[in-house]
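Architecture at a glance
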Amino acid sequence: MKQVLEAIEAKKTMMLDFLETLVNIDSGFDNPEGLHQCAEIIGNKLSSLGFEVEYIRVPDVCTHVLAQKKGKTSKSILLTGHIDTVFLRGTAAARPFMLKDGRAFGPGVADMKGGIVTGLFALEALGEHGYLDDKNVTVLFCGDEETGHPKSNVAEIYEREGQGKDAIFCLEPGRPNGEVVVGRKGIINPSITVKGKAAHAGVDPEKGASAIMELANKICDLQKLTNFEKGILCNVGMIGGGTGPAVIPDNAYAKLNIRVNEMDDGEQMLRAVREIVAKQYVPGTETTLLDDYFVYPPFVTTEEVRHLLTIVQEQGRKLGLQEIEGIFTGGGSDVAWATITGSPAIDGMGATGGSMHNDAEWMSVQGLFDRAKLLALSINAI
Ligand SMILES: [Zn+2]
């Protein structure tokens, strides 16, 4: 593996050039052409490494890249991530890729164009020295992660491609101290609308049915579903309703955010929410539940995930990196769809950085090289 590490050392300038090219193409949700352009740059690179590349185009939305390379054994690995950033058209022109004091800046530099570069160059260095011949490798970079795939079926693709993998590495940014992510909460974002009956609040209030009163009762029930011990969180985060202080309100709505550690807890929460929605407090009101499904399932820290973490940690020690900790986070990620069939994953394997989703976003240049090496060693160790 010494040659592979040396090859990555020798590719440092190429890696930064490649990153600069990607960062300087806006790829927010408002820019399908930019997303496709990035997808093609990534796809061309993968083709040159001997991968079969498929572009999954979602018209007027984005392009996903799915690439496969067959190996001589049954070992199989999935590298995942996303091409899109949260930054809108014009951001790259306003603050293009820049290097300063060992850090790189620019829209999406860490989240996660840096991660894409670590993945591509780790594969290239491994392939050049014959270390990929035995493995089946799949690469899946989607184009609409930051918006939660409102118009594409990428969750199904993740689930399909995640099946039966010996290891999944998600190239979301590594944390500033080098931590990787070994667990995430599942997320459900239901909303509730209540229809009531309007009436004059002073003249004939008895003829009305207060949608706000109905919702208020339901909110109390919903908030009680939170169970900190089990890591179940239910937050009614937004409410609204009514047309004026003198009118019995005929409408009200609430938006919820539910987070769970286990799939079963999520199913149980959905049943509980449906029961609360079905129960009527104020006669004459009618409640509807929308979006009662997982936006992200939980990424569960299974025994297999812990084992995969020990492999990554061992590679980190070989490279002399700071001890790599595996952390749990409440945020969701696509990697959870890929792990739903039981394949183990490590997330946050991309270049280390910080200040994601804002103008100060940065990526550690050394982190980019270190992570490419860590990924190469980890893939080889599977
Ligand atoms: Zn990301």
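Since the structure is predicted, the reported quantities are computational estimates derived from the model, not experimental observations.

Rules behind the numbers
- Residues numbered from 1 in each chain as written.
- Predicted model: local features only at pLDDT ≥ 70, side-chain atom pairs only at ≥ 80, totals over all residues.
- Helix = DSSP H or I, 4+ residues; strand = E, 2+ residues; numbered from the N terminus.
- Buried ≥ 20, exposed ≤ 12 C-beta atoms within 10 Å, placed from the backbone.
- Contact = placed C-beta atoms within 7 Å.
- Domains from an automatic or database assignment.
- Nonpolar A, V, L, I, M, F, W, Y, C, P; charged D, E, K, R; others polar.
- Axes fitted to C-alpha atoms, helices over the stretch in contact; angles between N-to-C directions.
- Parallel < 35°, antiparallel > 145°, perpendicular 65-115°, else oblique.
- Left-handed = near helix turned anticlockwise from the far one by under 90°.
- Pairing = 2+ DSSP bridges.
- Expected span 1.5 Å × (residues − 1).
- Arc of directions from axis to C-beta.

1. Quick word on unusual backbone geometry
The step from aspartate 111 to methionine 112 runs through a cis peptide bond, and the omega angle for that step is -10°. Looking at where methionine 112 falls in the secondary structure, it is placed in helix H5 (residues 109-128). Although it is not a glycine, aspartate 101 adopts a positive phi angle of roughly 50°. Relative to the helices and strands, aspartate 101 resides in the loop between strand E4 (98-100) and strand E5 (103-105). Looking at aspartate 101, the number of C-beta atoms within 10 Å reads 6, which means it is exposed. A positive phi angle, close to 55°, is found at aspartate 291, a residue other than glycine. Looking at the secondary structure, you find aspartate 291 in the loop between strand E16 (286-290) and strand E17 (294-296).

2. Some details on the environment of valine 137
Here valine 137 is to be found in strand E6 (residues 136-142). C-alpha of valine 137 to C-alpha of glutamate 179: the two residues are 42 residues apart in sequence and 24 Å apart in space. When sequence neighbours within four positions are dropped, the list of residues in contact with valine 137 reads Lys69, Ile77, Leu123 and Leu132.

3. Description of the domain arrangement of the protein
For the protein, the assigned domains are domain 1 (2-184 + 298-381) and domain 2 (186-295). Domain 1 and domain 2 are separated by 39 Å when their C-alpha centres are compared. Across the side of domain 1 that touches domain 2, the residue classes break down as three nonpolar, three polar and no charged.

4. Focus on the packing of helix H1 (residues 2-10) against H5
It is at 9 Å that the axes of H1 and H5 come closest, and there the two elements cross at 130°. With respect to H5, the axis of H1 lies oblique. Handedness of the crossing formed by H1 with H5: right-handed. On H5, the residues that touch Val4, Ala7 and Ile8 of H1 are Phe121, Ala125, Leu126 and Glu128. Looking at the contact of H1 with H5 residue by residue, the classes come out as six nonpolar, no polar and one charged.

5. A look at the environment of arginine 271
The residue arginine 271 is located in helix H8 (residues 263-278) in this model. Looking at arginine 271, the number of C-beta atoms within 10 Å reads 11, which means it is exposed. Between the alpha carbons of arginine 271 and aspartate 292 there is a distance of 9.6 Å; along the sequence they are 21 residues apart.

6. So, the pairing of strand E7 (residues 167-170)
Side chains Ala167 and Phe169 of E7 all project onto a buried face; the interleaved residues Ile168 and Cys170 project onto the opposite face, where all are buried too. As paired strands, strand E3 (residues 76-82) and E7 are joined by four bridges and run parallel to one another. Note on E7: the bridge partner recorded for leucine 78 is isoleucine 168. The sheet contact formed by E7 and strand E19 (residues 345-346) spans two bridges and is parallel. Residue phenylalanine 169 lies in a different strand from E19, and its bridge partner there is isoleucine 346.

7. Describing the sheet that holds strand E20 (residues 350-354)
Judged by pairing direction, the sheet is mixed, and its five strands sit side by side in the order E4-E5-E21-E20-E8 without closing on themselves. Pairing within the sheet leaves two strands with one partner each, and these edge strands are E4 and strand E8 (173-174). Summarising the sheet, E8 and E20 pair through two bridges and their orientation is parallel. Opposite glycine 174, over in E20, you have threonine 352 as the bridge partner.

8. Notes on helix H9 (residues 303-318)
Compared with the 22 Å implied by 1.5 Å per residue over 16 residues, the 23 Å span of H9 between its first and last C-alpha is a close match. Inspection of H9 places Val305, Leu308, Val312, Gln315 and Gly316 among the buried residues, and these make up the whole buried set. In an axial view of H9, the angular spread of the buried residues amounts to 105°, which keeps them on one side of the axis. Every exposed residue of H9 that faces more than 90 degrees away from the buried side is listed here: Glu303, His307, Thr310 and Arg317. Where H9 ends, the next residue or the one after it, glycine 320, has phi of about 75°, a positive value.

9. Some thoughts on the sheet that holds E6
Read across the open sheet, the six strands follow the order E1-E2-E6-E3-E7-E19; overall the sheet is mixed. Taken across any chain shown, the strands that pair with only one partner, and hence form the sheet edges, are strand E1 (52-58) and E19.

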